[in-house]
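# Per-entry structural report
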2 protein chains.
Amino acid sequence: MAQPPASKPKVVDVHTHMYPPEYIQILESRSTIPLVRSFPGATDPRLILLDAEVPALDAALSSGPDPPSVLPGRPLTRHFASVSQKLHFMDTHGIDISIVSLANPWLDFLPPATAGPVATSINTSFSTMCATHPGRLYFFAALPLTAPRETILAAIAHAAALPHCRGVILGTSGLGAGLDDPLLLPILASLAAASLPIFLHPHYGLPNAVFGPRAAGEYGHVLSLAIGFPVETTIAVARMYLAGVFDAVPALRMLLAHSGGCLPFLAGRIESCIIHDGHLAAQGKTASPPRRTVWEVLREQVYLDAVIYSEVGLKAAVQAAGEDGAGRVMFGTDHPFFPPVGGGEGKEDGVWESVGLNSLAVERAFGAGTSGAKGVMGGNAVEVFRLFGE
Amino acid sequence: MAQPPASKPKVVDVHTHMYPPEYIQILESRSTIPLVRSFPGATDPRLILLDAEVPALDAALSSGPDPPSVLPGRPLTRHFASVSQKLHFMDTHGIDISIVSLANPWLDFLPPATAGPVATSINTSFSTMCATHPGRLYFFAALPLTAPRETILAAIAHAAALPHCRGVILGTSGLGAGLDDPLLLPILASLAAASLPIFLHPHYGLPNAVFGPRAAGEYGHVLSLAIGFPVETTIAVARMYLAGVFDAVPALRMLLAHSGGCLPFLAGRIESCIIHDGHLAAQGKTASPPRRTVWEVLREQVYLDAVIYSEVGLKAAVQAAGEDGAGRVMFGTDHPFFPPVGGGEGKEDGVWESVGLNSLAVERAFGAGTSGAKGVMGGNAVEVFRLFGE
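Computed from a predicted model, the values in this text were never measured in an experiment.

Looking only at helices and strands, one finds 16 helices and eleven strands in chain A. Looking at chain A as a whole, 58% of its 390 residues are labelled buried. Within chain A, contacts between residues separated by at least 24 positions form 77% of all contacts whose residues are at least 6 apart in sequence. A total accessible area of about 14,000 Å² is found for chain A, and carbon and sulfur atoms account for 59% of it. Looking at charge distribution, chain A has the averaged site of its 25 positive side-chain charges lying 4 Å from that of its 33 negative ones.

What follows is the structure, given as structure tokens:
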């Protein structure tokens, strides 16, 4: 009997951001980071998000009517808010489906009273946008974590009922005290009960001081983005693990940005340090059920994106994710960050090197067209996030 | 023609520490960390090194004549200063040769006037100890980095002339401003000229605040040791790279503790962040010679130890080290840290789980008895550090 022709494997981007227009308006109204500001001589307004960008912001604001010599942050191009630009980017790179998420720092900075209504508005916007392009766009909802608990729980219920919502995006601050905060447990339990995985994404990095006196002036954002961000994710998940959060909410599922930060590489050392701490080792054994290893939690409750820019890291991510590790790792682009090298608006409509680095890593790690590569490039995301075209 | 019988491959430990008695005396005389203190009810004095251990130290010191409920730091057993104990540990684990180094924080805390004489004394002690066990012990010298430049340069000359010295152990603080401090360049150049590789080891970790409010009370030293330490190493080397130190001192060779911290996993992201930073990318191209990639520096000037406690991390370390990566990675134990699980003095004379985790990782990554495994377990160190039995 003839088999039906195999459908072309889907390419899915699980790590791709947008700032809807109403979110940009909020950023434009602010005087402290995160904020959006225009400067004379710059084509696009500037998006300033990170502590590390504050010195350049201060310098630019004090330069008076002349164009500042160094612009703070990054250009807020039309890539950040335009759905047609998102679709153009997807088409250019052969991406069939994107699970779009609000970029950092999400709603973490909003006053408690406005966080709830803004979440409703932004998640509704995302849902409407996805419905307009059926089968191509899904989204991770944003949560109003500064609002009272009831407001957060209501936002989870609202998001869960939106047909294109496939999870929530979360930073590492939780309710303000991190993801090992016991007060966060009911929120995590509610997400698990609603079958909404968490896409965990860094924003706060590490204190500038750890990068030394030369970083701010000479190293751009390299250290805060390339090391601060992944380490933030690693610490957040390690804290959750040590606090027993994964055991307390066994139905919780998390997708970790940037292939888990450094978690795949450091998991062995974390596990060894726990084994060699008499108190923690005893505690893990007497817990009921006994505490699982870091590896077990990685393999049972954690997914990793493939935004790692090298096959060395990607292979470690896949191996850390276990025997079927290739099934737990998923391609992403981080669009609209890391735009084409050399800049220029026209260039942004073309091919992005940052995307190429990540798809090349998949090809090198698995071989082009292998089932492993197809899974990482899209098949895994289709299954895990139920991207069946509705 | 009959081949001569292949000599049994050597097992070499490149990451193994000691505190000579005169160093312990210095620690016993101190009232701030690092220090050694005895407490009622504890068999061994306690070694207290880390910022993260200060709260437990303060609590123990304020408990009066009663034994404190939680002892700060770790027991200073006879493993820390006794050469016979070191040899017993080596024999127990089939280690033929150890390159011993002073453990952190080395001489970083000494006043400028005493650092020089202490370095001379300690390096001479190590040298004498190695000479007493020819072919079994070599050492990495300690440098008096708080002393005037001439004193440091004299210490390098002194160390280079000691017959069993095979490099120097260095922390990440340099002269106080990190390893990207231009004032450190003459020191690094002097080490390179003397063919003394640097064994780079962490000590300062990350500020406690990044581990959140529960870390100090509940998570032992896990986060500071398992994440803070490797991240410190990663940041230090990234700063050196960005500052052009490897290009400025091309003969410099570094052995990075704990398989490079997170460097093998994050190298792709670091490289991508540099490529996508217009200013840094341009600067790298116009430099003469053009800046090498992070990968090239890893493969030309860097060695990694294999103290990573999992084959996932070990494979990434080997792959990051390049085509001949297995030739740049070297077994280590971190003895006398991470003693046998469950503690007890008798147990410390037996087999250490921490050693088993690292040798098992080599076996799993390469296959037992393969040339790759033999190289990592000792052959590489014999070649790189010229451990030919003199």
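What follows is about the pattern of salt bridges. If the charged atoms of two oppositely charged side chains come close together, the side chains can form a pair. Residue and element names in this part refer to chain A. Tallied over the entire structure, the rule returns 16 salt bridges over all chains. With a shortest N-O distance of 3.8 Å, arginine 364 and glutamate 311 are connected by a salt bridge. Of this pair, arginine 364 sits in helix H15 (residues 353-366) while glutamate 311 sits in helix H13 (residues 311-320); the two residues are 53 residues apart in sequence, bridging distant segments of the chain. Among the residues examined, glutamate 311 registers a relative accessible area of 23% and is labelled partly exposed. Among the charged side chains, a network of salt bridges with common partners joins Asp247, Arg292 and Glu300.

What follows concerns the relation of the copies chain A and chain B. In screw terms, the move from chain A to chain B is a rotation of 180° and a rise of 0.0 Å along the axis, fitting with an RMSD of 0.0 Å. Put plainly, the chains are arranged around a two-fold axis. The share of interface residues of chain A whose copies in chain B are also at the interface is 100%, consistent with both copies meeting through the same surface.

Next up on the list: the interface of chain A and chain B. With 62 residues of chain A at the interface, the matching set in chain B holds 62 residues. In total, about 5,300 Å² of surface goes out of reach between chain A and chain B, with carbon and sulfur atoms giving 73% of it. Broken down residue by residue, the surface that chain A buries against chain B is led by A:Phe265, A:Arg269 and A:His276, which jointly contribute 17%. In this assembly, chain A and chain B are joined by zero salt bridges. Applying the counting criterion to the chain A and chain B interface returns eight residue pairs in polar contact (both at pLDDT 80 or more). The set of elements that each furnish at least two residues to the side of chain A that touches chain B consists of helix H8 (222-242), helix H10 (263-275), H13 and H15 of chain A. Sort the elements by how many residues they give to the side of chain A that touches chain B and H8(A) lands first, with 13 residues. Classifying every residue of the side of chain A that touches chain B gives 40 nonpolar, 14 polar and eight charged.

All names here are of chain A. What helix H1 (residues 21-28) keeps buried is the set Tyr23, Ile24, Ile26 and Leu27. Angular distribution of buried residues about the axis of H1 spans 155°; they occupy a single face of the element. Elements that come into contact with the buried residues of H1 comprise strand S2 (35-37), strand S3 (46-48), strand S5 (97-102) and helix H4 (112-132).

Residue and element names in this part refer to chain B. Looking at where histidine 93 falls in the secondary structure, it is placed in the loop between helix H3 (83-92) and strand S5 (97-102). Judged by relative accessible area, histidine 93 falls into the buried class, the value being 18%. If we skip the residues at most four places from it in the chain, histidine 93 touches Gly350, Val351, Trp352 and Val355.

What follows deals with the sheet that holds strand S7 (residues 165-170) of chain A. All names here are of chain A. The strand order across the open sheet formed by eight strands is S1-S5-S6-S7-S8-S9-S10-S11, and the pairing between neighbours is parallel. Only two strands of the sheet have a single neighbouring strand rather than two, namely strand S1 (12-18) and strand S11 (329-330). Summarising the sheet, strand S8 (residues 198-200) and strand S9 (residues 254-256) pair through three bridges and their orientation is parallel. Bridge pairing links isoleucine 198 to methionine 254 in S9.

Another point: the packing of aromatic side chains. All names here are of chain A. Throughout the structure, instances matching the rule amount to 18 aromatic pairs over all chains. Between tyrosine 19 and tyrosine 23, the aromatic rings sit 5.1 Å apart at their centres with planes inclined by 5°, giving stacked as the arrangement. For the pair shown, tyrosine 19 and tyrosine 23 are each scored as buried. Summarising the aromatic geometry, the rings of phenylalanine 140 and phenylalanine 199 are spaced 5.4 Å apart at their centres and angled 45° between planes, so their arrangement reads as tilted. Here phenylalanine 199 lies in strand S8 and phenylalanine 140 lies in strand S6 (residues 137-142), a separation of 59 residues in the sequence. Among the aromatic residues, those joined into a ring-pair cluster are Tyr19, Tyr23, Phe80, Phe109 and Phe337. The ring of tyrosine 303 carries arginine 328 above its face, with NZ or CZ at 4.6 Å from the centroid.

For the rest of this paragraph, the subject is the environment of B:Leu252. All names here are of chain B. The residue leucine 252 is located in the loop between helix H9 (245-248) and strand S9 (254-256) in this model. Judged by relative accessible area, which is 0%, leucine 252 ranks as buried. Placed 50 residues apart in sequence, leucine 252 and valine 302 show a C-alpha to C-alpha distance of 8.7 Å. Those residues in contact with leucine 252 that sit more than four places away from it in its chain are Leu188, Ala192, Ile198, Met240, Val245 and Gln301.

The next thing to look at is the nonpolar core. Grouped together as the largest cluster of nonpolar side chains are 266 residues, with contacts concentrated most on A:Tyr19, B:Tyr19 and B:Ile227. With residues up to four places along the chain from it excluded, the contact list for B:Tyr19 reads B:Ile24, B:Leu47, B:Leu49, B:Leu76, B:Phe80, B:Ala81, B:Leu102, B:Ala103, B:Asn104 and B:Phe337.

Residue and element names in this part refer to chain B. Among the structural elements, proline 186 can be located in helix H6 (residues 185-193). For proline 186, a relative accessible area of 30% corresponds to the partly exposed category. Separated by 63 residues in sequence, proline 186 and valine 249 have C-alpha atoms that sit 9.3 Å apart. Discounting residues that sit within four places of it in the chain, proline 186 has contacts with Arg149 and Leu153.

Residues and elements named next belong to chain A. Read from one edge to the other, the open sheet built from three strands follows the order S2-S3-S4, with strand pairing classed as antiparallel. Because the sheet does not close on itself, it has two edges, and the strands there are S2 and strand S4 (74-75). Alignment of S3 against S4, held across two bridges, turns out to be antiparallel. Each residue of the ladder has a partner; that of arginine 46, found in S4, is proline 75.

Attention now goes to the packing of H8(A) against H10(A). Residues and elements named next belong to chain A. Running from amino to carboxyl end, H8 crosses H10 at an angle of 35°, the nearest separation of the two axes being 11 Å. Regarding H8 and H10, the two cross each other, and that crossing is right-handed. Counting all contacts with H8, which are made through Thr234, Val237, Ala238, Tyr241 and Leu242, the residues of H10 involved are Leu263, Leu266, Ile270, Glu271 and Ile274. A class-by-class count of the residues in the contact of H8 with H10 yields eight nonpolar, one polar and one charged.

Before going further, it helps to spend a moment on the environment of B:Ile187. Residue and element names in this part refer to chain B. Among the structural elements, isoleucine 187 can be located in helix H6. On the accessibility criterion, isoleucine 187 (2% relative accessible area) is buried. Between the C-alpha atoms of isoleucine 187 and glycine 174, which are 13 residues apart in sequence, the distance is 9.6 Å. Setting aside residues up to four positions removed in sequence, isoleucine 187 forms contacts with Arg149, Ile152, Leu153 and Ile156.

For the rest of this paragraph, the subject is the confidence of the model for chain A. Looking at chain A as a whole, its pLDDT mean stands at 94, while 97% of the residues score no less than 70. Per the prediction output, this complex has pTM 0.96; the corresponding ipTM is 0.96.

Definitions and limits used
Residues numbered from 1 in each chain as written. Chains lettered and ligands numbered in written order. Predicted model: local features only at pLDDT ≥ 70, side-chain atom pairs only at ≥ 80, totals over all residues. Heavy atoms only, no water. Helix = DSSP H or I, 4+ residues; strand = E, 2+ residues; numbered from the N terminus. Buried < 20%, exposed > 50% of the residue type's maximum accessible area, 1.4 Å probe, protein only. Contact = heavy atoms within 4.5 Å. Areas by Shrake-Rupley, 256 points an atom, 1.4 Å probe, with all protein chains shown as cover. Lys, Arg positive; Asp, Glu negative; His and termini not counted. Charge placed at Lys NZ, Arg CZ, Asp CG, Glu CD. Salt bridge = Lys/Arg side-chain N within 4 Å of Asp/Glu carboxyl O. Least-squares fit on C-alpha atoms with pLDDT ≥ 70 in both. Buried area = accessible area lost by both parts, 1.4 Å probe. Polar contact = N/O pair within 3.5 Å; in protein donor to acceptor, adjacent residues only side chain to side chain. Nonpolar A, V, L, I, M, F, W, Y, C, P; charged D, E, K, R; others polar. Arc of directions from axis to C-beta. Pairing = 2+ DSSP bridges. Phe/Tyr/Trp six-rings, centres within 6.5 Å; stacked < 30°, edge-to-face > 60°. Lys NZ or Arg CZ within 6 Å of the ring centre and 35° of its normal. Core = buried A, V, L, I, M, F, W, Y, C linked by side-chain atoms within 4.5 Å. Axes fitted to C-alpha atoms, helices over the stretch in contact; angles between N-to-C directions. Left-handed = near helix turned anticlockwise from the far one by under 90°. pLDDT = per-residue confidence, 0-100.

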